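# Working through the structure, step by step
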Amino acid sequence: MKFLQAYPKEIKVFLIASLINATGSALMWPLVTMYVFDELGRSMKDAGFVLLIQALGGIAGQLLGGSLYHKVGVNRLIVGALALTALSLFSIPAASSSWHLFIILMGLFGLFNSLSLPAIQAFVGFRFAEQRAELFNIIYVCNNIGVALGTSLSGFLGNYMLSFVLNGVTSAVFAVFFFFYLRKVGTAPPHEQTRKKHPQPAQSGWRLMGQIRIYLFMSVGSMFLLIGNSIWNTGVSPFIISEGWPKQTYGFLWTLNGILIFAAQPLVSLIKRWFAATSTAQMTASAVFYLSGYAVILFMPSYAGLFLAMLLATLGEMLISPAMPSFISDHADRNAPFYLGLSGGIGAVGRVVGPYLMGVQFDSGGLAPTGWLACGMAVLSVGFFGLHAYINRTARTLGRNAA
């Protein structure tokens, strides 16, 4: 990985560990639906219910993880969450004879797996403040390398229980890594040393939620994007099957997604330099790219159209993924963990309701209604991201004038 050579050793080690953990996580997620349907002999409705419970657990984990960062401590929160994630995965083989226990374990997996996410993002934002925007993007790239590797390995392994256990092993290894890594590099950022000499009273969660300009409009914009993005699984996928196209053509779209995340980095850098220099502008530009992709699906319902749509949507994905944690880390100071968890939880609601809404639309008329819904969600997202940018630009202007 030549792009890591310019970074200190502690950053390289962290990124490599993140890649390994992402690889382990990707071993499991493609197999959950297949496991429920094939191994447990349940219906696709039951499989969807399991994914719903897992997603709800993930929302709770994001919210809880952000609020516990300063109360529990970064070391105990990250290490504990990863250890509990591993424990829930190791317990799944024992649940093969109990449907209800399997549902509970999947909910706990969603909870514990998401519990560490805002804490890790906040740690990166605090520890590497000078390089946080660039690092959030590199972490995103490394995680996608892990997803590509893990998804490929899951098909190669062809064993459900082995995939669950290996995912648990990588989570356990990541927990051990963080235990020693945080003890070595420390958990407090440099500016926290000054705060320890002059401590400030902690603000309550309700008081922090009142600062809506930091998180609310951005989070709602993300939620609408995730609702619209459900078109790929609950619109494009059944459309390809109904058209009688080879199922591999759907996989090729995601292969394109993975290739672009690496190959299109120079193009995204140019977009940021020319049109979207700030994180708020990157969010708005992201929603515009998503909207363009959904419009292509709507008006070009061919494979060439789907190919172009995936290209546009991937550019949108590459813009927004690092922009949101970067904005919060830049503007929320020591309260960043709380807002990272809160924004992640609100945005994740889109993953819960999106598949259902898209499924209803597809059942009512095929791909076209899902395309219109996706476009509508993207328009709302552009509006909320634009409002978020305007409010924060106005707030900065007022602050300068007051000074």
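Residues numbered from 1 in each chain as written. Predicted model: local features only at pLDDT ≥ 70, side-chain atom pairs only at ≥ 80, totals over all residues. Heavy atoms only, no water.

## Let's talk about the overall build of the protein
Looking only at helices and strands, one finds 18 helices and zero strands in the protein. Residues counted as buried form 50% of the 403 residues belonging to the protein. Look at the contacts in the protein between residues 6 or more apart in sequence, and 83% of them connect residues 24 or more apart. (Helix = DSSP H or I, 4+ residues; strand = E, 2+ residues; numbered from the N terminus. Buried < 20%, exposed > 50% of the residue type's maximum accessible area, 1.4 Å probe, protein only. Contact = heavy atoms within 4.5 Å.)

## Let's talk about the environment of threonine 284
Inspection of the secondary structure puts threonine 284 in helix α15 (residues 279–299). As a C-alpha pair, threonine 284 and glycine 383 span 99 residues in sequence and 8.2 Å in three-dimensional space. When neighbours within four sequence positions are excluded, threonine 284 is seen to be in contact with Val382, Phe385 and Gly386.

## Things to note about the environment of glycine 65
If you trace the backbone, glycine 65 turns up in helix α3 (residues 44–72). Sequence separation between glycine 65 and proline 337 is 272 residues; the distance between their C-alpha atoms is 7.8 Å. Discounting chain neighbours no more than four positions away, the residues touching glycine 65 are Leu77, Leu115 and Pro118.

## Some remarks on the nonpolar core
If you look at the biggest cluster of nonpolar residues, it comprises 96 residues, and the most contacted ones within it are Phe14, Phe178, Tyr181, Trp232 and Val236. When residues of this core are assigned to their parent elements, the largest contribution, 13 residues, is made by helix α16 (residues 303–331). Domain assignment of the residues forming this core places at least three in each of domain 1 (8–187) and domain 2 (211–402). (Core = buried A, V, L, I, M, F, W, Y, C linked by side-chain atoms within 4.5 Å. Domains from an automatic or database assignment.)

## Thoughts on helix α6 (residues 117–127)
For α6, the buried fraction is high: eight of the 11 residues fall into the buried class. Inspection of α6 places Pro118, Ala119, Ile120, Ala122, Phe123, Val124, Gly125 and Phe126 among the buried residues, and these make up the whole buried set.

## Description of the packing of aromatic side chains
Inspection of the entire model under this criterion finds 18 aromatic pairs. Their ring planes at 35° and their centres at 6.0 Å tell us that tyrosine 290 and tyrosine 294 sit as a pair that is tilted. Of this pair, tyrosine 290 and tyrosine 294 both sit in helix α15, separated by four residues, roughly a single helical turn. You can call tyrosine 290 buried: its relative accessible area is 7%. Relative accessible area serves as the criterion here: at 1%, tyrosine 294 is assigned to the buried category. (Phe/Tyr/Trp six-rings, centres within 6.5 Å; stacked < 30°, edge-to-face > 60°.)

## Focus: the packing of helix α11 (residues 212–229) against α15
For any two helices packed against each other, one specifies the crossing angle of their axes together with the interaxial distance. With their axes 11 Å apart at the nearest point, α11 and α15 run at an angle of 20° to one another. It follows from the interaxial angle that α11 and α15 lie roughly parallel. Seen along the crossing, α11 lies across α15 with a hand that is left-handed. Taken together, the residues of α15 that come into contact with α11 (itself represented by Met218, Leu225, Gly228 and Asn229) are Met283, Ser286, Ala287, Tyr290 and Tyr294. Among the residues making up the contact of α11 with α15, the classes are represented as six nonpolar, three polar and no charged. (Axes fitted to C-alpha atoms, helices over the stretch in contact; angles between N-to-C directions. Parallel < 35°, antiparallel > 145°, perpendicular 65-115°, else oblique. Left-handed = near helix turned anticlockwise from the far one by under 90°. Nonpolar A, V, L, I, M, F, W, Y, C, P; charged D, E, K, R; others polar.)

## What to know about a nonpolar patch on the surface
Side chains of Phe90, Leu162, Leu166, Val169 and Val173 sit close together on the surface and give an oily, nonpolar patch of about 370 Å² of accessible area. Looking at which element gives the most residues to the nonpolar patch, the answer is helix α8 (residues 160–185), with four residues. With respect to the secondary-structure elements, phenylalanine 90 resides in helix α4 (residues 74–91). Note on phenylalanine 90: relative accessible area 37%, which makes it partly exposed. (Patch = residues over 30% accessible without salt bridge, like charges linked within 9 Å, V, L, I, M, F, W, Y side chains within 5 Å. Areas by Shrake-Rupley, 256 points an atom, 1.4 Å probe, with all protein chains shown as cover. Salt bridge = Lys/Arg side-chain N within 4 Å of Asp/Glu carboxyl O.)

## Regarding the confidence of the model for the protein
In the predicted model, the protein carries a mean pLDDT of 82, and the fraction of residues at 70 or more is 84%. In the model of the protein, helix α9 (residues 190–197) stands out as the element of lowest mean pLDDT, 46, in contrast to α15, which has the highest, 96. (pLDDT = per-residue confidence, 0-100.)

## Some remarks on the packing of α15 against α16
Between α15 and α16, the least distance of the axes is 7 Å, while the angle of their chain directions is 160°. Judged by the inter-axis angle, α15 sits roughly antiparallel to α16. You can see that α15 and α16 cross each other, and the crossing is left-handed. Partitioning the contact of α15 with α16 into residue classes produces 17 nonpolar, eight polar and one charged.

## A look at the side chain of threonine 280
As for its placement among the helices and strands, threonine 280 is situated in helix α15. Sequence-distant contacts of threonine 280, defined by excluding residues within four places in its chain, comprise Phe327, His388 and Ala389.

## Describing the environment of glycine 228
Mapped onto the elements, glycine 228 comes out in helix α11. Each C-alpha atom of the pair glycine 228 and cysteine 375 lies 7.1 Å from the other, and the pair is 147 residues apart in sequence.

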